[in-house]
Amino acid sequence: MSTTKGSTINLSSLASSQDLQQSIQQHLRYTLAHAPKQATLRDWWLSTSLAIRDRIMDSLVATQDAHNENNVRRLYYLSMEYLMGRMLRNNVHNLGLEAAVCEATQALGLNWDELCEQEVDMGLGNGGLGRLAACFLDSLATLDLPAVGYGIYYEFGLFKQDFENGKQVEHPDTWTTFGTPWEVVRPEYTQTVQFYGHVEAGYDDCGNYRPRWVDTKSVLGVPFDIPIAGYATKTVNFLRLWSSRSTEDFDLDEFNRGDYVEAVREKAIGETISKVLYPNDKTENGKELRLVQQYFFVACSLADILRRFERNNSDWHDLPKLAAIQLNDTHPAIAVVELMRILVDEKHMGWDDAWSIVTRVFAYTNHTLLPEALEKWSVALFAKVLPRHLQIIFEINRRFLDEVEAKWPGRDDIKVVLSLIEEGGDKMVRMAHLAVVGSHTVNGVAELHSRLLKSDLFPEFDALYPGKLTNKTNGITPRRWLYSCNPELSKLIDSVGIESDWPKNLERLRALEAKAEEASFQQQFMAVKRANKAVLAEVIKQECGVEVSPDALFDVQIKRLHEYKRQHLTLLHILTLYHRLLNDPQADIVPRVFIFGAKAAPGYALAKTIIHAINSVANVINNDARIDGKLKVVFLPNYRVSLASKIIPAADLSEQISTAGKEASGTGNMKLSLNGALTIGTLDGANVEIKEEVGDDNIFIFGLTVEEVQRLDREGYNPYHYYDNDAELKNVLDWLCSGYFCPEDPHAFEPIRHSLLAGGDHFKVMADYRAYVDCQRQVDAVYRNPSRWAQMAILNTARMAKFSSDRTIQEYADEIWSLPACPIQE
Ligand SMILES: *Cc1c(COP(=O)(O)O)cnc(C)c1O
């Protein structure tokens, strides 16, 4: 770290603060055309952002210049989602301009925190997968790795969530309405993409078969670049997002015929492609526009990658030396086919030659084992939208099945399982199989997930391609998820003599272990937590109108709303405590504030019902004077990155209670633990590794293991068994669905009960209830011992080094991408 920390007054910081102040004033006047008197807070936020952007641009130009001069190997990260959140504070921190910007804004009579609050989140993603991509970009730049992120410039990101009478309502996210200071439009790199049409057979001058893809419709992709500044380094990479435009501004014929409206409508269709992010998390729904979006951004990105390659290179065989492409889930898997199409159809390369290049370029990250989340596209839809690509898929599959035949002669049963095409009434293209076959490496995102990938999802692939399936446990950037979001804890860390480069060297926090039992440090650590809780209590007051005490245990469950994540299990625990308190006011219960944040996919009815149920129960509990405020339940609306940054530093308990085997990794679990929250969780995803790191004594583990879940599924699972044999469980579930909590619609929560009983309780809520509620008693017991709790919390923060995304990205760079760093000289 250069100038932002430490107590000595730094002259260069002073100089840069005066420069910055001047630059902010200049942007206010010359970019926004305002005098300070008329300027709103938003104007000041924009001017400040533009002043910071200027400083990033110098390094962006220097970085790209160095990468081009040296013809470096680059990593291309293809992702349909990037959940970036707010950028100003993180850019300031990464540039080391924190002290300067604080001084500059103060001199202008502004409050820095208030200024940062003006920024609208860049929410171009649903949840964990999109946030992982954002953390990876931060680590790539911080580690000086040459990389470009590619994605879609959605005009509307993830919907804004409101509650009306406790029910979720969605509003469009209009983040682009007033533009963003962080983008640079690059019309000079516009690409044209073809869709639809049909394939004609044909032969070239030398008698070679050359199919032609004709009568296509085309759209333009215009790139918008978001600079990505590394922490305490010169490297500035960029995220390139494609916005779709019509090829013709107007259909002139129709225009001349006077049909102005029809002419403009055609244009609007071309712009629909990048209009809106699909708000589904973990469910694919086979919509044509989604396939069009995937191909649109993949085709633009590949064309851009090849343009860059051709600038410095002439032999296509060198492509795998210069480019590594990572597929973030199967959403961009069509890239495998598109590169084959370009090499074979356009560059006239032989199939085997082209295939050898393709399979040395791509690698694929699998994010889920849930069957409903594995992407499949109907062959009929493919034939319509991408007819030439479908032919190529068939040819890839034909050759692949020959390989399978060579390995397992005569085993048609294995061919049926492995084929890229799922046979049946409606034939489907299996995108995961395409991604596995077209990649040199496939990775899961936590040890457990990667093991299940090999044993359960792709056992035959693992036998066919030994060593192709690997693990890269996810991580989070400590810059956003500790340094920026928790300044008080960061200051405490600095104050105990830990080297100030800990945000890029998280191992340094291990030094806190030595202080975990020290009473005075425990008090300081918990005082920071208490102060963060007081700040969050204010947010809760404003957002939910509920008063909560910072002395209560803050029990946090923040993540997408999904049955496998089991927010309804937490709800059953809340009802259990409420019931115990009503029947015994002296009941031995630690006062708790239950804090939820979660969006439900708009079409996921049961998830929305669970939100409604939590809000309805909250409304009753929060207004029941009989329990003397011992329980509070709040559901903060519109969960997003900026809200996560406020909740996480204030959390005591982190709920990570998915059904074992269903959560691939989780990253919220890492953020919370890093900020000194204790985890109550199942042995699922990265929880398993968090337990290994923090130690068995510093985490609360309960519930079925993967093996036990699988045995229940095999031998027959009966949720009524638990309902009939656990009176407390039966009582709270019946109570929830009795109409007591929602008199205006007494049957509103019946679907929850149905899913847990007659519906078969696919996610084993009933089976895990008792273990969960008992484990929560242990949580209470430990919370009553403040010193023990503090020690555990400190050890969580101290032992999170493994979960820095710097570690994750270094593993990808070493083991998948063979990607050397390229530090940028001053
Ligand atoms: C980290 C994060 C997630 C992922 O949370 P999980 O608990 O791992 O599902 C989702 N949304 C936002 C806004 C996040 O910051």
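A quick note: this is a predicted structure, and the numbers were derived from the prediction, not measured.

1. Topic: the site of the ligand
Here is step 1: Taken together, 15 residues surround the ligand, and among them Lys559, Lys565, Thr667, Gly668 and Lys671 come closest.
Here is step 2: Between the ligand and the protein, one listed contact pairs an oxygen atom with a side-chain N or O atom of lysine 559 at 2.7 Å.
Here is step 3: For the ligand, an oxygen atom lies 3.0 Å from a polar atom in the backbone of glycine 668.
Here is step 4: Look at the ligand: alone it shows 390 Å² of surface, and the protein chains cover 96% of it.
Here is step 5: For the shell around the ligand, the secondary structure elements donating two or more residues are helix H6 (128-142) and helix H25 (668-674).
Here is step 6: Class assignment for the residues of the shell around the ligand results in five nonpolar, five polar and five charged.

2. What to know about the sheet that holds strand E23 (residues 653-656)
In a beta sheet, neighbouring strands are held together by backbone hydrogen bonds and run either parallel or antiparallel to one another.
Here is step 1: Read across the sheet, six strands follow the order E22-E21-E20-E23-E24-E25 without closing on themselves; strand pairing throughout is parallel. The open sheet has two free edges, formed respectively by strand E22 (631-635) and strand E25 (700-701), since each of these has just one partner strand.
Here is step 2: Where strand E20 (residues 553-558) lies against E23, two bridges are found, and the strand directions are parallel. Note on E23: the bridge partner recorded for valine 556 is serine 654.
Here is step 3: Helix H23 (residues 605-622) rests against strand E21 (592-597) and E22 of the sheet, and its axis sits at about 145 degrees to E22.

3. Some remarks on the packing of aromatic side chains
Pairs of aromatic rings are described using the distance from one ring centre to the other and the angle between the two planes.
Here is step 1: Using the criterion set out here, one finds 29 aromatic pairs in the structure.
Here is step 2: Through pairs of rings, three or more aromatic residues link up here, namely Tyr77, Phe136, Tyr812 and Trp817.
Here is step 3: The lysine or arginine in question, lysine 671, covers the ring of tryptophan 481, its NZ or CZ lying 4.3 Å from the ring centre.

4. Some thoughts on the sheet that holds strand E15 (residues 376-378)
Here is step 1: Pairing in this open sheet of three strands is antiparallel, and the strands run E15-E17-E16 from one edge to the other. Each edge of the sheet is formed by a strand with only one pairing partner; in this case those strands are E15 and strand E16 (421-422).
Here is step 2: In this structure, E16 lies alongside strand E17 (residues 428-430), joined through two bridges in antiparallel fashion. By the bridge assignment for E17, glutamate 422 is matched with methionine 428.
Here is step 3: Those strands touched by helix H16 (residues 431-438) are E15 and E17, and its axis lies near 40 degrees from that of E17.

5. What about the UniProt feature "modified residue: N6-(pyridoxal phosphate)lysine" (unreviewed entry) in the protein?
Here is step 1: Within this numbering scheme, the UniProt entry marks Lys671 as carrying the feature "modified residue: N6-(pyridoxal phosphate)lysine" (unreviewed entry).
Here is step 2: On the accessibility criterion, lysine 671 (7% relative accessible area) is buried.
Here is step 3: In contact with lysine 671, not counting residues within four places along its chain, are Arg131, Ile476, Trp481 and Ile648.

6. Observations concerning the pairing of E23
Here is step 1: Covered by surrounding structure in E23 are Leu653 and Glu655 together with Ser654 and Gln656, the residues of both alternating faces.
Here is step 2: Of the pairings in the sheet, the one linking E23 to strand E24 (residues 678-681) comprises four bridges and is parallel in character. Of the residues in E24, the one forming a bridge with glutamate 655 is isoleucine 680.
Here is step 3: For the segment spanning E23, H25 and E24, crossover handedness is right-handed.

7. Describing the environment of leucine 464
Here is step 1: Considering the arrangement of structural elements, one finds leucine 464 in helix H18 (residues 459-464).
Here is step 2: In the structure, leucine 464 is positioned 144 residues away from lysine 608 in sequence and 42 Å away in space, judged by C-alpha atoms.
Here is step 3: Filtering out sequence-adjacent residues up to four positions away, leucine 464 remains in contact with Phe400, Glu403, Val404, Lys407, Trp408 and Leu418.

8. Examining the packing of helix H29 (residues 727-736) against helix H31 (residues 765-783)
Here is step 1: Where H29 meets H31, the axes come as close as 10 Å, and the angle between the chain directions of the two elements is 115 degrees. Considering the relative orientation of H29 and H31, their crossing is right-handed. Contacts between H29 and H31 involve Glu728, Leu729, Val732 and Leu733 from the former and Met766, Tyr769 and Arg770 from the latter.
Here is step 2: For the contact of H29 with H31, the per-class residue count stands at five nonpolar, no polar and two charged.

9. Points about the pattern of salt bridges
Here is step 1: The final tally for this structure, using the stated rule, is 60 salt bridges.
Here is step 2: For the salt bridge of arginine 510 with glutamate 513, the shortest nitrogen-to-oxygen distance reads 3.8 Å.
Here is step 3: Judged by its relative accessible area of 29%, arginine 510 is partly exposed.
Here is step 4: A single salt-bridge network, built from bridges that share partners, covers Arg186, Asp225, Arg240, Asp304, Arg307 and Arg308.

10. Re unusual backbone geometry
Here is step 1: The residue asparagine 71 is not glycine, and still its phi comes out positive at about 45 degrees.
Here is step 2: Residue classification places asparagine 71 among the partly exposed residues on the basis of a relative accessible area of 28%.
Here is step 3: Even without being glycine, alanine 232 reaches a positive phi, approximately 50 degrees.
Here is step 4: With respect to the helices and strands, the residue alanine 232 is situated in the loop between strand E11 (217-229) and strand E12 (236-246).

So, how was this worked out
Residues numbered from 1 in each chain as written. Predicted model: local features only at pLDDT ≥ 70, side-chain atom pairs only at ≥ 80, totals over all residues. Heavy atoms only, no water. Near = heavy atom within 4 Å. Polar contact = N/O pair within 3.5 Å; in protein donor to acceptor, adjacent residues only side chain to side chain. Areas by Shrake-Rupley, 256 points an atom, 1.4 Å probe, with all protein chains shown as cover. Helix = DSSP H or I, 4+ residues; strand = E, 2+ residues; numbered from the N terminus. Nonpolar A, V, L, I, M, F, W, Y, C, P; charged D, E, K, R; others polar. Pairing = 2+ DSSP bridges. Contact = heavy atoms within 4.5 Å. Axes fitted to C-alpha atoms, helices over the stretch in contact; angles between N-to-C directions. Phe/Tyr/Trp six-rings, centres within 6.5 Å; stacked < 30°, edge-to-face > 60°. Lys NZ or Arg CZ within 6 Å of the ring centre and 35° of its normal. UniProt positions renumbered as here; feature names shortened; annotations may be inferred. Buried < 20%, exposed > 50% of the residue type's maximum accessible area, 1.4 Å probe, protein only. Right-handed = clockwise from strand over helix to strand, strands pointing away. Left-handed = near helix turned anticlockwise from the far one by under 90°. Salt bridge = Lys/Arg side-chain N within 4 Å of Asp/Glu carboxyl O.

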